[in-house]
Amino acid sequence: MKVIAVTGTPGTGKTTIAKRMAKEKGCKYLDVTKLVKENKIYDSYDRKKKAYDVDVKKLNKFLIKMILAEKAEKTKCLVIDSHLSHYLPARYVDLCIVAKTDLKKLKKRLEKRGYSAAKVRENMDAEIFDVCLNEAKEEGHRIKIIKN
Ligand SMILES: Nc1ncnc2c1ncn2[C@@H]1O[C@H](COP(=O)(O)OP(=O)(O)OP(=O)(O)O)[C@@H](O)[C@H]1O
Ligand SMILES: [Mg+2]
C-alpha cells in the first residue's frame with residue numbers, strides 16, 4: 001500500500017490537493033482534522049487560537065494503527081490530509097507532499113477566513129520559514145513540493 005502524507009501551512013491547499021489526488025489515483029482520503037475531533041486526540045481547545053492542541057504522539061500512534069489496518073484490508077493507497085502528517089515516521093510514508101502558496105496569496109486566503117491578526121501572522125511566519133517543509137526533511141521523508 002502506498003501512503004501519501006499531505007502537509008503544509010494552513011491555507012496552502014492541502015485539502016484541495018489531497019482530495020484531488022485521492023480521486024485521481026483511487027486512494028482512500030483521511031481527514032485528520034475530523035479524526036482528531038472524533039477521537040479526542042487533543043489535550044485541550046485553545047480558545048484564543050480557536051484551534052485544538054493536538055497531542056502529536058497520540059496522533060502518530062492513531063494514524064499508524066490506521067495505516068496498518070488499511071494495509072491489512074489491502075487498501076491500494078491512502079492520502080493523509082494534515083499539517084501534522086509529516087510527523088509520521090518516514091518508514092510509514094512513501095511520499096510527503098508539502099503544499100506551498102505565494103505569500104501574498106496566502107495572506108489573502110487567511111484573512112478571508114476571518115483569522116485574527118496574530119493567527120494570520122503566525123501562519124505567515126510558518127510559511128516564510130518553511131516550517132512544515134523543514135520538519136518533513138528532518139523526519140527524513142521523500143518530499144514533493146506542490147505550489148498553488
Ligand atoms: N490551486 C488553487 N488555486 C486557487 N485557490 C486554491 C487552490 N488551492 C486551494 N485554494 C483555495 O485556498 C483555500 C485553502 O485551501 P485548502 O482548504 O485546500 O487549504 P488547507 O491547506 O487544507 O487548509 P487547512 O490547513 O486550514 O485545512 C480554499 O479557499 C481553496 O479554495
Ligand atoms: Mg484542510
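Model, not experiment: these values are computed from the prediction. (Residues numbered from 1 in each chain as written. Chains lettered and ligands numbered in written order. Predicted model: local features only at pLDDT ≥ 70, side-chain atom pairs only at ≥ 80, totals over all residues. Heavy atoms only, no water.)

A.B. asks: Teacher, can you tell me more about the site of ligand 1 here?
C.D. replies: Inspection of the region around ligand 1 gives P10, G11, T12, G13, K14, T15, T16, R109, R113 and N148 as its neighbouring residues. At 2.6 Å, a side-chain N or O of K14 approaches an oxygen atom of ligand 1. At 2.5 Å from an oxygen atom of ligand 1 is found a side-chain nitrogen or oxygen belonging to T16. In isolation ligand 1 exposes 630 Å². Once the protein is present, 59% of that is buried. (Near = heavy atom within 4 Å. Polar contact = N/O pair within 3.5 Å; in protein donor to acceptor, adjacent residues only side chain to side chain. Areas by Shrake-Rupley, 256 points an atom, 1.4 Å probe, with all protein chains shown as cover.)

A.B. asks: Help me understand the packing of aromatic side chains in this model?
C.D. replies: When we look at a pair of aromatic rings, we describe it by the centre distance and by the angle of the planes. Going through the model one piece at a time under the given rule, you end up with two aromatic pairs. For the pair Y42 and Y52, a centre-to-centre distance of 4.3 Å together with 35° between the ring planes defines the contact as tilted. With Y42 in strand β3 (residues 42–46) and Y52 in strand β4 (residues 51–54), this pair connects stretches of sequence that are 10 residues apart. Y52 sits in the partly exposed class, given a relative accessible area of 31%. Considering the side-chain rings of Y45 and Y52, the 4.9 Å spacing of their centres and the 65° angle between planes classify their relative orientation as edge-to-face. Using a relative accessible area of 43% as the deciding quantity, one classes Y45 as partly exposed. Among the aromatic residues, those joined into a ring-pair cluster are Y42, Y45 and Y52. (Phe/Tyr/Trp six-rings, centres within 6.5 Å; stacked < 30°, edge-to-face > 60°. Helix = DSSP H or I, 4+ residues; strand = E, 2+ residues; numbered from the N terminus. Buried < 20%, exposed > 50% of the residue type's maximum accessible area, 1.4 Å probe, protein only.)

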